[in-house]
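Chain by chain, the residues run as shown.
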Amino acid sequence: MFRSTDRRGVADLEDNLATLTGQQQDDNNLSDDDNAAPDMQSEVEMEVEKEDPFLMAIDDLEGRVVAALDDVKLHPGVRSTAAHSVQAELATLLQPVMEVAAHTGPSVARTYYRGVGAEGIETSCEEVYQRVVSDLVLPVLLEMAQSDTIPAKRAASLEFFRGLWKECHKPGSWLDPNQGANAGPYGSGITGKHHANVQQQPRAQLKRRQAKRLAREGEILRYWVQSSIACTTPGVFTDESSEAATGARGVIAASASIRPSLKHIAQRIRDADDRGANRANETGAEGDALRSACIKFLEIVCLCCSAKPTDPSSRRRKDTPDDFSLEDLPAGHPVITREALESIADYAFSTLRGLTLLGGQAKIDVNLLSDMMMGGSPSAQVVSILKPAALAYLEVESSLPPSDAENALEIKIDRSNMEFDFLLSQKSYALTINAVAALSSNRPVFFKEGAVCMARRNADPPIFVEDGHLTKSAVLAIQSHTRASCLTLLRNALSVQTQSSTILVRTLEQSDMKIQAEKALKMAEQTNALKTAGRAARNRANMFYEWDTSAGGGEQRTSKRQRETDDALAKMRAAKAARGLGHGIQLPTSMADSIDLIMENLTHIPTKRPSSSSKRKTPATLDFVIDAVMTNGASLVQEEGRWYSRDGGSAWSTSIDGESSYELSSKLLATVADDQGPGESMKNEEASAIQNQKTVYHSQCRTAASEAVGRIVSNSLGSRDAQFSRFANQLAARLAWTLRNVPAPAHLKPAHDMALDTIESAKAKFSDAKKQQCLDKLASSFPLATSCLALEATSTISYGLEDGPTRPSLGNSVLNEAYAQGCRHGTGEEDKDQSWQYDSSLDLFTASILHSSERANDKPTDNDRKRVASKLAASMQQDLGVLPLLSHSSLSLIGAICDIDDITKKAAEADRKGSQQTIAASAALHAAKQAAEKRATAALLVLRDTAFQRTNTESRQSAVNTAVAVAAGNLRASKSCEDKALKLVMNVLFVKSETLAQYVIEAASSELKRASGFAVESYSKIQEANASAKGSDSHHQKSALSPASDEERTAMEKVRKPVMLFMALCIRRPGIIKTLFSLSSVAKADVLSKTVRQSMSKLARAAATKHGAASLALKVAETTSKEEVPLLLAFLENLTPVGEKNVPSQELIDACFQIQENKAEDGTKDPRFLIPIVCSMKREELAEKLPEFVQAEDDVFMAALVKMGERLGRHQLLFREEPEPETPQLKGLTLCEQLVFLHKLDFTSAGLPQKRYLDAIRLCLENDEIFNDRLIMSALDHMSGTFLTGEEKLPLAYMRTIILVCSKHESLHSWICHTLLPRLVEGKIYTDRRQWEGWMRCAKMLESNAGSGVSSTEAINQLPPEQYEMYRSRYGS
């Protein structure tokens, strides 16, 4: 009833193959206006659809139903004659509706069905049921039962549903319960339980039809029940008599529908599998989730079925409406009593205690399950469900020492020897402990038992076992949880009241928590004492109790909104504390704590004011002002250790006389000059000092240059002037490539880190070691350039202004500068080849776009990542379009953006869960999925623009190769992206120009070669997997083209995409079918060959529609070699039309004969080339060609026989007579005719050995699936009839065939004994010596079967006296 939608990618490509046969798809992003060609329906097809007899028959049925229902609607509700009641008149009016809905509808579907075979009948039946019954009859009758103002019509509609249910269960109707291929609406029906002609049907067809039957049954029952409910609703009629009559009818109808409904539900349960029930005992995550839900259910049952605390403190607190307990249950109900609910809660809590103490559910005695849900009150049935699980634990608890004994904690439970239904994981264990602790605290009746259980579990905690189901960390967490729960229970005043504090203290002391236990016990005793003390004592205690607050305040503080507000306030205070004082001094909320803090800080105030730092003030000279203006204020920063920022303009000498000039001071030049080394008289210390000064100077020079580039980049990003930003980008790009080995400034450090991460991600996608080395060299030699390239992909850097469509790109400037330097220095002395800089920079730039997309997919809830990825994808087409050159590696990285399969699966998984908690997460995932699809579409547009607009051949071919790789599955991509890439390749690139079409063919051929190589490499592994699968599943018969193992299925799925792409190209260019056949016929490429043959029908029919079947067959056959003949035969087989009315044309028949002539070797013709068209050859021609098929191999011979009768399914049991013997017109051979002509074959004149002639007949008789007993009887009957009339003699092998049939088909013994053998005696078979010998042997074989009720004695007695004596003399009496 349900169909799996989990098949990915490849199957949907097959559905789109019709799109690739030349028709263009309307795609806003990928298609051009030149290539758009809508698919219009021709007028001829519209006329055919109008004259469809099936649709006309359905329209006639609907008209008959509507006419009958109109008569019912117009009936006044009063009988017209005294002879019949109003109910009888209405039933008569509804009788045509009943007949059409239950019987005429299925009959029309069987008669005028469309399509082929069983699937066509099923489709037609579904359409008739949907239009006539589901959409017309049932809704109208329900509306009559619900809203008609005449009671008689309502009663008639109720009676109609009962009658429809009964009639639909009759043979041949919608709900026919019988089994068989002809049962139900799909055949004439089976009227007897022991029908002899029940045909077996495939299992898939049986399950499909059963699912349809259950769906129809459920629909009719649903309408029946809804109509009954509508009539039982009070207040419909103002007249009391009408109200009572309608209600009575409704009750009767509802009662009549109960049994069918229960039977339907039982059938549904029988058809369902046990996966849901078995999931509770699984050890996986799903089973644990189900057990966790069951534990929470038990906790809720205990809370609802037990009493609340009755101490005075609880009376002061307003009860929450959700806290249901026994006090909320009204008294006086005869069945639902408080005692029954208390027993349910007791058993549920015992089950929870057992889970806590034992660590799982002990094995339940099966004898206790016998009375489950068997009679009794509802509470007894619930108890029977919980009782076995509780008794399994109580049996273990009975062997433990009493809880108030000295050895109460000395329990020795050997869990290794116990049998468990399931064991708890860490999550479910934590829920169980929390449930026991919560129930003990909130329900005093459970406190002592819960405290004893927790104490014993703490004394005997779970231990870590190597092969156990709990990890070491889980065991430690459970032990810590039990100790904390014991301490919480001890702190409760009920521990003192119930005298369970002793065992809690002892178990905590064993866990080295004596101090904590003493404090908790003291608090419990004090709390217990204060509950009975006076108000003065409570005031002296100076403690805050929850029960002492007002009711309104308590409810307000416990509200969800208030808790969220408190949590947000706490987080804000914690954040401010982490930042220091942040937005000012934040004093504690408590005034006493604030005063203590202030007094404590007063002691740390120094007695004297600290002296101000004695720093030299720089005089405000002209040089100081000019330096401040030129450095944008950076020179004003007084930072020690940096001469360029500390000294400001003192390092420069400025002259304002005449033209302005700036020179470094002579002192600075003398310090850093390389030609002034230390003299011989200079001491080593002075030389080292000077060298240190040079090192510091050069380091600060690099730092200054780095910060200067950083300021230029910041000004460019923050400027509103596009020309200024473009100039700043060019300047920063020139400096970035000039300043080698200069580190990135501090505020570009995130961009540099992003560049390093991008490089590592890109290296994983490159298999070329040289490219990986170039990327590493780029990162180490040009940190500024890599930072600028990855700047726009960094989400932690604020760009100041929003990017516009005309905003210059810093990455483009860096790439253009790298390309220009490569062109300038290509012949230089220092670096003869700098082209690697541009290629590596381009790879880094495109990899940053890809990396940002991957980061956004990995974390869909991060808005910053999503914003950056969307911005880069939006500008990617423009940025890459203005670059001078695009390499193959960069386009491959662009194509990798289509890999959004992970985010697609996450979104689908969120849809599948669909819980209230995952609504926000699901929305975020869907938004991320849509954004990822937009980025993938932008990547495909970049490939399209590169192929269209570039003049560089390598770039255009690389773009085409990348698009083809995405469409063929070589580059990972989601299903939607593969479909878009397929449309881009076929409908846009291929049709744009001849050059691009050739590029597409070359790329697709390369992908097909890769698939062929993969098939050859996987040959050995697939053969082993197939052999293993064949040994384990030998009883299951599979199709020859279906995968034999999971390994082969995986391999076929991998090669299917390039095959489908190449087949789509073959439809446009039939000449490349030769390439498809040659690559698929490579030795050991069986997987590829099988995949091609699976999809051969789509290729052959689409290509034949476009180019003509006959000419296409001759053209393909002319180019194929001997090794490619199997694929050629499959191609010819699929060129023939499908369906009984669609026969191959005479041109195709002549073409197949021509191919047979051309492919003949040494004068020997291969009959396999004629098999596709034998169904359309005349019967006389087939009789002449029959020796050629007999002489062929067994599988070829049987395939030819099957093909001869393929379109004669309704006449297989007949031997047809020519209407005009002089001009034969009959085509094909029925199965009956095949046997007849085989027996009549003159093997001597045909040059066939007699053994081959007899073996051919034997092969037919052994294949009882095709040549069954009825068919053999028909053929033998025809030959014996012609022999009896004297027209022809009996064939040579006739009696031999009868003897073989006697051995194989026992069902024909009676017919042979009582009909065939006497007929042969009547025809004087004894005149032919060989036939007479066979007759006697057959008669002897059947004579000995007299004990079974079938014997040839009657035929023997009909023999003439001479022949009778001859028979008796040879075989005796």
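Residues numbered from 1 in each chain as written. Predicted model: local features only at pLDDT ≥ 70, side-chain atom pairs only at ≥ 80, totals over all residues. Heavy atoms only, no water.

### Section: the overall build of the protein chain
Phase 1: In terms of helices and strands, the protein chain carries 58 helices and 4 strands.
Phase 2: Relative to its 1373 residues, the protein chain shows a buried fraction of 43%.
Phase 3: Surface exposure of the protein chain reaches about 73500 Å², of which carbon and sulfur atoms provide 52%. (Helix = DSSP H or I, 4+ residues; strand = E, 2+ residues; numbered from the N terminus. Buried < 20%, exposed > 50% of the residue type's maximum accessible area, 1.4 Å probe, protein only. Areas by Shrake-Rupley, 256 points an atom, 1.4 Å probe, with all protein chains shown as cover.)

### Brief notes about empty space enclosed by the protein
Phase 1: Evaluation of the coordinates by the stated rule reveals 1 cavity of 30 Å³ or more.
Phase 2: By volume, the largest cavity amounts to about 30 Å³.
Phase 3: Lining of the largest cavity is provided by Thr351, Gly354, Leu355, Leu358, Gly360, Gln361, Ala362, Ala389, Ala392 and Tyr393.
Phase 4: Of all elements in the fold, only helix H12 (338–358), strand E1 (360–362) and helix H13 (378–397) reach the threshold of two or more residues within the lining of the largest cavity.
Phase 5: Examining the composition of the lining of the largest cavity, we find that 4 residues originate from one element, H12, more than from any other. (1 Å grid on protein atoms, 1.4 Å probe; cavity = no way out; pocket = protein on both sides within 12 Å on 5 of 7 lines; lining within 4 Å. Points joined across faces, edges and corners; volume = space filled by probe spheres on them.)

### Regarding the environment of Ser890
Phase 1: When you line up the elements, Ser890 lands in helix H35 (residues 888–895).
Phase 2: Put simply, Ser890 and Leu844 are 46 residues apart on the chain and 8.4 Å apart in space, counted from C-alpha to C-alpha.
Phase 3: Excluding anything up to four places from it in sequence, Ser890 contacts Leu842, Asp843 and Thr846.
Phase 4: One polar contact links the side chain of Ser890 to the main-chain carbonyl oxygen of Ser887, over a distance of 2.8 Å. (Contact = heavy atoms within 4.5 Å. Polar contact = N/O pair within 3.5 Å; in protein donor to acceptor, adjacent residues only side chain to side chain.)

### Focus: the nonpolar core
Phase 1: Ranked by internal contacts, the top residues of the largest apolar core, which has 209 residues, are Phe1131, Phe1197, Ile1298, Ile1312, Leu1320 and Trp1335.
Phase 2: If you tally residues by element for this core, the top one is helix H42 (residues 1046–1068), at 11 residues.
Phase 3: Leave out the neighbours within four places in its chain, and Phe1197 touches Phe1189, Val1190, Leu1238, Arg1252, Ala1256, Leu1259 and Cys1260. (Core = buried A, V, L, I, M, F, W, Y, C linked by side-chain atoms within 4.5 Å.)

### Considerations on helix H52 (residues 1250–1262)
Phase 1: In this model, H52 (13 residues) spans 18 Å end to end at C-alpha, consistent with the 18 Å of a helix rising 1.5 Å per residue.
Phase 2: Looking at H52, one finds that the buried residues are Arg1252, Tyr1253, Leu1254, Asp1255, Ala1256, Ile1257, Leu1259, Cys1260 and Leu1261.
Phase 3: On its buried side, H52 packs onto helix H49 (1179–1191), helix H50 (1194–1204), helix H51 (1231–1239), helix H53 (1269–1285) and helix H54 (1294–1304). (Expected span 1.5 Å × (residues − 1).)

### Description of the packing of H12 against helix H14 (residues 426–442)
Phase 1: At a minimum axis distance of 9 Å, the contact between H12 and H14 shows a crossing angle of 135 degrees. In terms of their interaxial angle, H12 and H14 are classed as oblique. Considering only the axes of H12 and H14, their crossing is left-handed. Facing Phe349, Leu352, Leu355 and Thr356 of H12, the residues of H14 in contact are Tyr429, Thr432, Ile433, Ala435, Val436, Leu439 and Ser440.
Phase 2: In terms of residue class, the contact of H12 with H14 is made up of 8 nonpolar, 3 polar and no charged. (Axes fitted to C-alpha atoms, helices over the stretch in contact; angles between N-to-C directions. Parallel < 35°, antiparallel > 145°, perpendicular 65-115°, else oblique. Left-handed = near helix turned anticlockwise from the far one by under 90°. Nonpolar A, V, L, I, M, F, W, Y, C, P; charged D, E, K, R; others polar.)

### Describing unusual backbone geometry
One can expect most non-glycine residues to show negative phi and most peptide bonds to be in trans.
Phase 1: With phi around 60 degrees, Gln499 is a residue other than glycine that occupies positive phi space.
Phase 2: Tracing the sequence through the fold places Gln499 in the loop between helix H17 (494–497) and helix H18 (501–510).
Phase 3: Unusually for a residue other than glycine, Asn741 sits at a positive phi of about 65 degrees.
Phase 4: Here Asn741 shows up in the loop between helix H28 (722–738) and helix H29 (749–765).
Phase 5: Classification of Asn741 by relative accessible area gives partly exposed; the value is 47%.

### A few points about the environment of Met1096
Phase 1: For Met1096, the position within the fold is in helix H45 (residues 1096–1107).
Phase 2: Judged by relative accessible area, Met1096 falls into the buried class, the value being 0%.
Phase 3: Once the C-alpha coordinates of Met1096 and Glu1133 are considered, the two residues, 37 residues apart in sequence, prove to be 9.2 Å apart.
Phase 4: If near-sequence neighbours (up to four positions away) are discounted, Met1096 is found in contact with Met1063, Phe1077, Leu1127, Ala1130, Phe1131 and Asn1134.

### Re the packing of aromatic side chains
Phase 1: Enumeration over the complete set of coordinates arrives at 11 aromatic pairs.
Phase 2: Taking 5.2 Å as the distance between ring centres and 70 degrees as the angle between the ring planes, the aromatic pair formed by Tyr129 and Trp174 counts as edge-to-face. Taken as a pair, Tyr129 in helix H5 (residues 117–147) and Trp174 in the loop between helix H6 (151–168) and helix H7 (203–232) lie far apart in primary sequence, 45 residues in all. Per residue, the accessibility class of Tyr129 equals that of Trp174, and both read buried. (Phe/Tyr/Trp six-rings, centres within 6.5 Å; stacked < 30°, edge-to-face > 60°.)

### A word on the side chain of Ser157
Phase 1: When you line up the elements, Ser157 lands in helix H6.
Phase 2: For Ser157, a relative accessible area of 0% gives the class buried.
Phase 3: Apart from the residues lying within four places of it in its own chain, the contact partners of Ser157 are Leu141, Met144 and Ala145.

### Details of the packing of helix H4 (residues 86–111) against H5
Phase 1: Running from N to C, H4 and H5 cross one another at 165 degrees; their axes reach a closest spacing of 8 Å. Judged by the angle between their axes, H4 and H5 are roughly antiparallel. Here H4 runs over H5; the crossing is right-handed. Here Val97, Val100, Ala101, Gly105 and Ala109 of H4 lie close against H5, whose contacting residues are Ser124, Cys125, Val128, Val132, Val133 and Val137.

### Here we look at the confidence of the model for the protein chain
Phase 1: Residue-level pLDDT values for the protein chain average 77, and 76% of them are 70 or greater.
Phase 2: Confidence drops under a pLDDT of 50 for residues 312–319, and excluding neighbours within four residues, the segment shows 7 contacts in the predicted structure.
Phase 3: The model gives residues 579–585 a pLDDT under 50, and that stretch makes 3 contacts with residues more than four places away or in other chains. (pLDDT = per-residue confidence, 0-100.)

### Describing the pattern of salt bridges
Phase 1: With the rule as written, the count across this model stands at 47 salt bridges.
Phase 2: Where Arg865 meets Asp862, a salt bridge forms, and the shortest distance between an N and an O atom there is 3.5 Å.
Phase 3: Between Arg1337 and Glu1333 there is a salt bridge, with the nearest N and O atoms lying 3.7 Å from each other. Of this pair, Arg1337 and Glu1333 both sit in helix H56 (residues 1329–1343), 4 residues apart, which is roughly one turn of that helix.
Phase 4: Ionic contacts of the salt-bridge type, sharing partners, join the residues Lys1251, Asp1255, Arg1258 and Glu1262 into one network. (Salt bridge = Lys/Arg side-chain N within 4 Å of Asp/Glu carboxyl O.)

### Things to note about the side chain of Ser1176
Phase 1: By secondary structure assignment, the location of Ser1176 is in the loop between helix H48 (1146–1158) and H49.
Phase 2: Judged by its relative accessible area of 4%, Ser1176 falls in the buried class.
Phase 3: Apart from residues lying up to four places away in sequence, Ser1176 is in contact with Val1143, Pro1144, Ile1149 and Lys1227.

### Topic: H42
Phase 1: With 23 residues, H42 extends 34 Å from end C-alpha to end C-alpha; this agrees with the ideal 33 Å at 1.5 Å per step.
Phase 2: Within H42, the axis deviates most sharply at Arg1056, by approximately 35 degrees, and proline Pro1058 lies no more than four positions further along.
Phase 3: Within H42, 17 of the 23 residues are buried, which leaves it mostly tucked inside the rest of the structure. (Bend = angle between axes of the 7 residues up to and from the residue.)

### So, the state of the cysteines
Phase 1: Under the defined criterion, the tally for this structure stands at 0 disulfides.
Phase 2: Cys302 carries a free sulfur, and the closest cysteine sulfur to it, the one in Cys305, is 7.8 Å from it.
Phase 3: The class for Cys302 is buried, based on a relative accessible area of 0%.
Phase 4: Of all cysteine sulfurs in the structure, the one in Cys898 sits closest to Cys977, which takes part in no disulfide; the separation is 4.6 Å. (Disulfide = S-S within 2.5 Å.)

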